[in-house]
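Chain residues, written in single-letter form:
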Amino acid sequence: MANATFDIEKVRKDFPILQRKVNGKDLVYFDNAATSQTPKQVIDSIVDYYENYNANIHRGVHSLSQEATDAYEQARIKIQKHFNAQKPHEIIFTSGTTHAINLVANSYGSFLKPGDEVLVSALEHHSNIVPWQMMCEKTGAQMKVIPMLNNGQLDMNFFHKEVSSKTKMVFVNHVSNALGTINPIEEIIATAHAHGAKVLVDGAQSAPHIQADVQELDVDFYTVSAHKICGPTGVGILYGKEELLEQMPPYQGGGEMIAEVSFEKTTYAGLPHKFEAGTPNIAGGIAFGVALDYMHSIGFNVINAYENELLTYATERIKEVNGVIIYGPENPKDKTAVLSFNVEGLHAYDIGTILDQMGIALRTGHHCAQPIMDYYQIPGTARASFSFYNTKKEIDSFIEALKKAVSMLS
Ligand code: C6P
């Protein structure tokens, strides 16, 4: 049993927000795929930064600046080790996944030309579609879509048929935010490489559940948002292979990313600074490192096994609700802890609103993944997404509340 090694009550005490009430009821927070909650250790690290060594980094000779720089660079090394990147400067701090993808789209994407093709999966969040559409419009490259199947998985036959020497890049998420599907990225990366294409994997939804090893995956680019992995908002990373990052032009200009500036010519700093223009989210970067320490103190294997247990339980229990339709892979082993559903004849928004009155936080709507909703011909779903600090008791409250909501709305 996963929870034999895992003291859930102790873990819950680390998250102050879990003590609060919403609409007079105990908060049941099942919107973890949108933003995870923040443990005290991470909150404390942010307070510690502002109380004790708040200063700009890489700029000052004074002690506070050096302390802040050291802590920020230590965080980069923690992140490097976590994802097993070969070098710290392969980790570029960004404001999150959206920023990281836009960086690659605008920089590496500028190498695209007419006649080139890029392949994007139908399961993508808008942030791994729109920046590439914009780049395709600019460069004349053609975007092709790897379709999805009814079970929420990718049509890999299509992928194998369509990938060719014309394919320059493939964009796919490791895990779908709307359905929880774990995509076969190993197969996608190996096949794309065999045709000379590079692969960007959006790791926003995998990072909280699966510890990716970027060298083992041999992935070219991998993107993460800290706020989905117990860290703060407004910070994330782009992992990129050194040889690719070296070839790429800077994305944004400004302070910190230069070697020399004159009105005649500017030369750029080396990695990672070339891609880190301006003052970053210093406290956020440091806190991201603390969030990873926190996750490791529990262990990703333990987290994964426990969350799967929650998902399996919730999937069984929700079947008690009349008219429920679950979207995405049937087997909980094929997905992370996301339960995307509708109840026949009801609007997900109404379900979400009533559940909120009962203290239960779900996300409803298209989840910034409209092509998936178009495939199912629905406006959206209700999405319960679980984290390691959730409990079966909370799932029981959710199911009882859902039954009540359905009887009120029917
Ligand atoms: N998904 C959700 O509720 P940012 O906003 O940059 O931190 O992450 C964007 C993003 C990119 N890719 C995937 C797979 C994502 O899930 C997200 C964010 C949230 O599903 C908010 S829309």
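What counts, and at which threshold
- Residues numbered from 1 in each chain as written.
- Predicted model: local features only at pLDDT ≥ 70, side-chain atom pairs only at ≥ 80, totals over all residues.
- Heavy atoms only, no water.
- Helix = DSSP H or I, 4+ residues; strand = E, 2+ residues; numbered from the N terminus.
- Rg over C-alpha atoms; globule rule 2.2 N^0.38 Å.
- Buried < 20%, exposed > 50% of the residue type's maximum accessible area, 1.4 Å probe, protein only.
- Contact = heavy atoms within 4.5 Å.
- Areas by Shrake-Rupley, 256 points an atom, 1.4 Å probe, with all protein chains shown as cover.
- Lys, Arg positive; Asp, Glu negative; His and termini not counted.
- Charge placed at Lys NZ, Arg CZ, Asp CG, Glu CD.
- Pairing = 2+ DSSP bridges.
- Axes fitted to C-alpha atoms, helices over the stretch in contact; angles between N-to-C directions.
- Patch = residues over 30% accessible without salt bridge, like charges linked within 9 Å, V, L, I, M, F, W, Y side chains within 5 Å.
- Salt bridge = Lys/Arg side-chain N within 4 Å of Asp/Glu carboxyl O.
- Domains from an automatic or database assignment.
- Buried area = accessible area lost by both parts, 1.4 Å probe.
- Near = heavy atom within 4 Å.
- Polar contact = N/O pair within 3.5 Å; in protein donor to acceptor, adjacent residues only side chain to side chain.
- 1 Å grid on protein atoms, 1.4 Å probe; cavity = no way out; pocket = protein on both sides within 12 Å on 5 of 7 lines; lining within 4 Å.
- Sits in = over half its atoms within 2 Å of the grid points.
- Nonpolar A, V, L, I, M, F, W, Y, C, P; charged D, E, K, R; others polar.

This paragraph deals with the overall build of the protein chain. Along its length, the protein chain carries 14 helices and 17 strands. In terms of overall dimensions, the protein chain is globule-like: its C-alpha atoms have a radius of gyration of 22 Å, near the 22 Å expected for 410 residues. Counting only C-alpha atoms and orienting by the principal axes, one finds that the protein chain spans roughly 70 × 55 × 35 Å. When the 410 residues of the protein chain are sorted by exposure, 55% land in the buried category. Nonlocal contacts in the protein chain, meaning residues at least 24 apart in sequence, comprise 72% of its contacts between residues at least 6 apart. Accessible area for the protein chain stands at about 17100 Å²; split by element, carbon and sulfur atoms hold 51% of it. For the protein chain, the centre of its 33 positive side-chain charges and the centre of its 46 negative side-chain charges are spaced 3 Å apart.

Once that is clear, we can look at the sheet that holds strand β6 (residues 142-146). Reading across the sheet, the 7 strands line up as β4-β10-β9-β8-β7-β5-β6 and stay open at both edges, with mixed pairing between neighbours. A strand with exactly one partner marks an edge of an open sheet, and here the two such strands are β4 (91-94) and β6. Each strand of the sheet is rotated relative to its neighbour by a mean of 20°, with strand direction disregarded. Relative to β6, strand β5 (residues 117-121) runs parallel, the two being bridged by 5 bridges. Bridge pairing in β6 links S121 to I146. Each of β4, β7 (167-173), β8 (198-202), β9 (221-225) and β10 (236-240) is contacted by helix α4 (residues 97-107), which is oriented at about 155° to β9, the strand it contacts most. Sheet strands in contact with helix α5 (residues 130-139) are β5, β6, β7 and β8, and its direction is about 145° off that of β6.

A grouping of I258, V261 and Y268 is seen on the molecular surface, where their side chains present a nonpolar patch of about 270 Å² in accessible area. Here Y268 is to be found in strand β12 (residues 266-268).

Partitioning the protein chain into domains gives domain 1 (8-30 + 299-409) and domain 2 (43-296). Centre-to-centre, using C-alpha coordinates, domain 1 lies 28 Å away from domain 2. On the domain 2 side, the residues contacting the 31 residues of domain 1 number 32 residues. With both chains or domains summed, domain 1 and domain 2 bury close to 2500 Å², and 61% of this area falls on carbon and sulfur atoms. Inspection of the region where domain 1 meets domain 2 yields 0 salt bridges. At the level of secondary structure, the elements contributing two or more residues to the side of domain 1 that touches domain 2 comprise α11 (300-318), β14 (338-343) and α13 (370-376). Looking at the side of domain 1 that touches domain 2, the element that brings in the most residues is α13, giving 6 residues.

Taken together, 16 residues sit near the ligand, with T98, D202, Q205, S225 and R363 positioned nearest. A distance of 3.5 Å separates an oxygen atom of the ligand from a polar backbone atom of T97. Between the ligand and H227, the relevant distance is 2.7 Å, taken from an oxygen atom to a side-chain nitrogen or oxygen of the residue. Relative to its free-state accessible area of 510 Å², the ligand is covered by the protein chains to the extent of 86%. The cavity where the ligand resides is the second largest pocket. Of the residues contributing to the shell around the ligand, the split by class is 4 nonpolar, 8 polar and 4 charged. Formed jointly, the shell around the ligand draws a minimum of three residues from each of two domains, domain 1 (8-30 + 299-409) and domain 2 (43-296).

Turning our eyes to something else, we now look at the pairing of β14. Of all 6 residues making up β14, 6 are buried, and the element is well covered by its neighbours. Neither face of β14 is left uncovered, since the one carrying V338, S340 and N342 and the one carrying L339, F341 and V343 both have all their residues buried. Sheet topology note: the strand β13 (residues 324-327)/β14 ladder contains 4 bridges and is antiparallel. Among the inter-strand pairings, I325 is bridged to a residue of β14, identified as N342. Two elements, β14 and strand β17 (residues 381-385), share 4 bridges in a ladder whose sense is antiparallel. Across the sheet, the residue bridging to F341 is A382, located in β17.

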